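Okay, here's what each chain looks like letter by letter:
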Amino acid sequence: MSGPRRGFTFIELIVAGVLCGMLILIALGQVRWAARSSGQAARGAAELLLAADFAERFRNDVRGARLVTVARRGDSVELALADTVVEYRRGDDGRLERAVRRRLAGAAWGPIAAGPTVRSIHFALSNAKPDASGLCLLRARWLCTADADTDPAAPAALRTPCRVLVLDTALRAASEGEVGP
Amino acid sequence: MAFGIFLTVLVAVWALLGRSNRHQELLWDEFVAAELAASALEQAFAADRCELTPPQGVPVQFPPLSTTGAEKQLGVRVVLHVAPVAGQSGLRELKAVVQWDQRGQPRTLTRTLLRRVTP
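None of these values were measured; they are calculated from a predicted model.

> Help me understand the overall build of chain A in this model?
Along the backbone of chain A there are one helix and seven strands. Sequence-ordered secondary structure for chain A, helices as α and strands as β, is α-β-β-β-β-β-β-β. Within chain A, the fraction of its 181 residues that count as buried is 39%. For chain A, the share of sequence-separated contacts (at least 6 apart) that also reach a separation of at least 24 residues comes to 51%. When the accessible area of chain A is evaluated, it comes to approximately 10000 Å², of which 60% is carbon and sulfur surface.

Structure below.
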């Protein structure tokens, strides 16, 4: 008569090891996914704050502009204020840039602030000549992406959707000749 | 038991991240809607004339808000109301109402502005 079996067989140990390994792999994958997702959420919040800050700055700059010059392709705009010129454009790193320059001949562009990540930007003056109210309308259309690291090839669930910001701002021109093409 | 704990943690993290992404989406939608409302008011402010609108308002047209499939379609509707201000003949109240759909729930955002007109 045989007594109670002690220990595990080799097969049982192999199966238990494989199961533990699978669990550890799945857990590590989940940790990586959680870290990546929370990082995306944080970046999205940061992009939102930047976009809100830049939208407010842009509207303020436009309201104070005395001369507006929109680039022919509409990808940048220069706003001449009392003693400075402010340019909004898309930088090489895909971020919206606000560059400031003193209104002096040959002055280099001064401080450049990096804004939200944008896939595209477009500026347009709705009417080059101010109407009877003496107001023009400058339209900015920014295609913001909530995640700078969004990979277009990533699954849709991992991609943060883009938002189109429309920033129409009325501006008063001192004379019609001061409004750029 | 270990597998149960693992599943519980997994579901909790998934729910937390899902909620966080949803909050972020909501904030972005609110922000975009607020800028659209401000844009509608600026359009009305810059317009040559400031005509009164019918009580139901007039829809404000914007260029397409989506150009590629990757962008999110907000499905927004912007309506402008222009009404006289009681007791102030030289003032008009401009009100922009933005409506959009937030995951099946209708949401509304309103912004107002006063404009002086010559009687």
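> Whenever I open this one, the overall build of chain B confuses me. Can you help?
Scanning chain B from N- to C-terminus turns up one helix and four strands. Ordered by position from the N terminus, the helices and strands of chain B form the series α-β-β-β-β. Of all 119 residues assigned to chain B, the portion counted as buried reaches 38%. As displayed, chain B has an accessible area near 7100 Å², and 59% of this comes from carbon and sulfur atoms.

> How should I be thinking about the pairing of strand β3 (residues 84-90) of chain A in this particular structure?
Walk down a regular strand and you will see the side chains alternate between the two sheet faces. All names here are of chain A. Most of β3 is tucked away, with five of its seven residues classed as buried. Pairing between strand β2 (residues 76-80) and β3: five bridges, direction antiparallel. Among the inter-strand pairings, Val77 is bridged to a residue of β3, identified as Tyr88. Linking two consecutive strands that pair antiparallel, namely β2 and β3, is a turn of three residues. Here β3 runs beside strand β4 (residues 95-102); their pairing, made up of seven bridges, is antiparallel. Bridge pairing links Tyr88 to Arg98 in β4. Between the end of β3 and the start of β4, which pair antiparallel, lie four residues, with Gly94 showing a positive phi angle near 85°.

> Would you mind showing me how to read the packing of helix α1 (residues 10-63) of chain A against helix α1 (residues 2-46) of chain B here?
In helix packing, the relevant descriptors are the interaxial angle and the interaxial distance, both defined with respect to the helix axes. Across the interface, α1 of chain A lies against α1 of chain B with an axial gap of 10 Å and an inter-helix angle of 15°. The angle between the axes of α1 of chain A and α1 of chain B places the two elements in the roughly parallel class. Where α1 of chain A crosses over α1 of chain B, the two elements pack in a sense that is left-handed.

About the criteria used
- Residues numbered from 1 in each chain as written.
- Chains lettered and ligands numbered in written order.
- Predicted model: local features only at pLDDT ≥ 70, side-chain atom pairs only at ≥ 80, totals over all residues.
- Heavy atoms only, no water.
- Helix = DSSP H or I, 4+ residues; strand = E, 2+ residues; numbered from the N terminus.
- Buried < 20%, exposed > 50% of the residue type's maximum accessible area, 1.4 Å probe, protein only.
- Contact = heavy atoms within 4.5 Å.
- Areas by Shrake-Rupley, 256 points an atom, 1.4 Å probe, with all protein chains shown as cover.
- Pairing = 2+ DSSP bridges.
- Axes fitted to C-alpha atoms, helices over the stretch in contact; angles between N-to-C directions.
- Parallel < 35°, antiparallel > 145°, perpendicular 65-115°, else oblique.
- Left-handed = near helix turned anticlockwise from the far one by under 90°.

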